[in-house]
Amino acid sequence: MQASKIARAWFGATALVVIAGLAAQIPVSAGTEGGTFHTPAGRVANLLAFFTIDSNILVGIGGLLLALGVAGRSTVFGVLRLTGLVGIIVTGVVFQVALADLYELHGWALFADTMLHKVSPLMCVAGWLLFGPRGQLSWRVLWWSLLYPLAWLAVTLVRGAIIGFYPYPFVDPGVNGYGGVAFNCVLIGVLFIGLAAAAVGFDRTFSRKDEVDDYLAPDPAESVERIRDTGAY
């Protein structure tokens, strides 16, 4: 029971980190003039074009559901958890390798950057390694999780070709050419798949069939079976 309380507190803290980072980033983006988008509303809406923002939102939703004890043992939640986990790792790695030196940030912009690119990835990964939940990942979940980066890439390239905006230099054909963009995307795709496969392998290796994380919402079908086994109707 104590472990469950600690796990929920960790997941809740992770969600709060995401919320704090987004709460700081929204006014920063709204007040940044120039560029492709000329209104505060347009600049705020454009935040959803960034893989960093989308991955943090997935991590925040997963963490909040776990903290509240309403996350079920379903394929849908497994996909959400794996997608958020791998997405936020890719966010942290790509940022440190390719993006960290591009901007000099101060004030609330620096705070948001720290929360979304550093603290959130570290807390998400640490929370998953320490608390799981275990037994939720499979190769089927892995393949479903690939829809997120593929959809993001498709929307980014099509939208960029139409309006001339690309959220990152490595997906901008004007900077790298389409060949360079394809190469960068393949590298990141291999990283995503490799990390997802490692997560599935870790989960399958260290989960036990008799182990149930009590901070997960009970599965209705399992509850019915337990009631029948005890002879209570």
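Presented here is an overview of the structure given in this document.

Scoring rules and cut-offs
Residues numbered from 1 in each chain as written. Predicted model: local features only at pLDDT ≥ 70, side-chain atom pairs only at ≥ 80, totals over all residues. Heavy atoms only, no water. Patch = residues over 30% accessible without salt bridge, like charges linked within 9 Å, V, L, I, M, F, W, Y side chains within 5 Å. Areas by Shrake-Rupley, 256 points an atom, 1.4 Å probe, with all protein chains shown as cover. Salt bridge = Lys/Arg side-chain N within 4 Å of Asp/Glu carboxyl O. Buried < 20%, exposed > 50% of the residue type's maximum accessible area, 1.4 Å probe, protein only. Axes fitted to C-alpha atoms, helices over the stretch in contact; angles between N-to-C directions. Helix = DSSP H or I, 4+ residues; strand = E, 2+ residues; numbered from the N terminus. Parallel < 35°, antiparallel > 145°, perpendicular 65-115°, else oblique. Left-handed = near helix turned anticlockwise from the far one by under 90°. Contact = heavy atoms within 4.5 Å. Nonpolar A, V, L, I, M, F, W, Y, C, P; charged D, E, K, R; others polar. Expected span 1.5 Å × (residues − 1). 1 Å grid on protein atoms, 1.4 Å probe; cavity = no way out; pocket = protein on both sides within 12 Å on 5 of 7 lines; lining within 4 Å. Points joined across faces, edges and corners; volume = space filled by probe spheres on them. Phe/Tyr/Trp six-rings, centres within 6.5 Å; stacked < 30°, edge-to-face > 60°. Lys NZ or Arg CZ within 6 Å of the ring centre and 35° of its normal.

## A look at a nonpolar patch on the surface
A contiguous nonpolar surface patch, about 280 Å² in accessible area, is contributed by Leu64, Leu68 and Val70. Accessibility expressed as a relative area gives 42% for leucine 64, which makes it partly exposed.

## Here we look at the packing of helix α3 (residues 51-68) against helix α7 (residues 147-163)
With their axes 11 Å apart at the nearest point, α3 and α7 run at an angle of 150° to one another. Taken together, the axis directions place α3 and α7 in an arrangement best described as roughly antiparallel. Relative to α7, α3 is oriented so that their crossing is right-handed. Contacts from Phe51, Asp54, Ser55 and Leu58 in α3 reach Tyr148, Pro149 and Trp152 in α7. Considered class by class, the residues forming the contact of α3 with α7 number five nonpolar, one polar and one charged.

## Some words on the side chain of asparagine 46
Within the secondary structure, asparagine 46 sits in the loop between α2 (40-45) and α3. Take asparagine 46: its relative accessible area is 6%, and that puts it in the buried class. Setting aside its immediate chain neighbours within four residues, asparagine 46 contacts Phe37, Arg159 and Phe165.

## Observations regarding α3
End to end, α3 covers 26 Å across 18 residues, agreeing with the expected 26 Å (1.5 Å per residue, within 8%). Three or more residues of α3 are buried, namely Phe51, Thr52, Ile53, Asp54, Ser55, Asn56, Val59, Gly60, Gly62, Gly63, Leu66 and Ala67. Residue glycine 69 follows α3 closely and has a positive phi angle near 75°.

## As for the environment of lysine 5
In this fold, lysine 5 is placed in helix α1 (residues 2-30). On the accessibility criterion, lysine 5 (54% relative accessible area) is exposed. A sequence separation of 62 residues divides lysine 5 from alanine 67, and the C-alpha atoms of the two residues are 8.9 Å apart.

## Things to note about the layout of surface pockets
Reported here for the largest pocket is a volume of approximately 790 Å³. What lines the largest pocket is a set of 28 residues, and nearest its centre among them are Gln25, Ser29, Leu47, Phe50 and Tyr103. Among the elements of the structure, α1, α3, α4 (75-99) and α5 (107-131) are those that each provide at least two residues to the lining of the largest pocket. Element by element, the count of residues in the lining of the largest pocket is highest for α5, at five residues. Split by residue class, the lining of the largest pocket holds 17 nonpolar, nine polar and two charged.

## What about the packing of aromatic side chains?
Note on aromatic pairs: each is described by the distance of the centres and the angle between the planes. Tallying each qualifying case throughout the model produces eleven aromatic pairs. When the ring of phenylalanine 11 is compared with that of phenylalanine 131, the centres are 6.2 Å apart and the planes differ by 75°; the resulting orientation is edge-to-face. Taken as a pair, phenylalanine 11 in helix α1 and phenylalanine 131 in helix α5 lie far apart in primary sequence, 120 residues in all. Seen in terms of ring centroids, phenylalanine 50 and phenylalanine 165 are 6.1 Å apart; in terms of plane orientation they differ by 70°. Their pairing is edge-to-face. Residue phenylalanine 50 is found in the loop between α2 and α3, and its partner phenylalanine 165 is found in the loop between α7 and α8 (173-206); the two are separated by 115 residues along the sequence. Looking at phenylalanine 50, the relative accessible area reads 21%, which means it is partly exposed. On the basis of relative accessibility, which here comes to 15%, the residue phenylalanine 165 falls in the buried class. The rings of Phe37, Phe50, Phe51, Tyr148, Trp152, Phe165, Tyr168 and Phe170 are connected pair by pair, giving a single aromatic cluster. One residue, arginine 134, lies across the ring of tryptophan 128, its end atom 4.9 Å from the ring centre.

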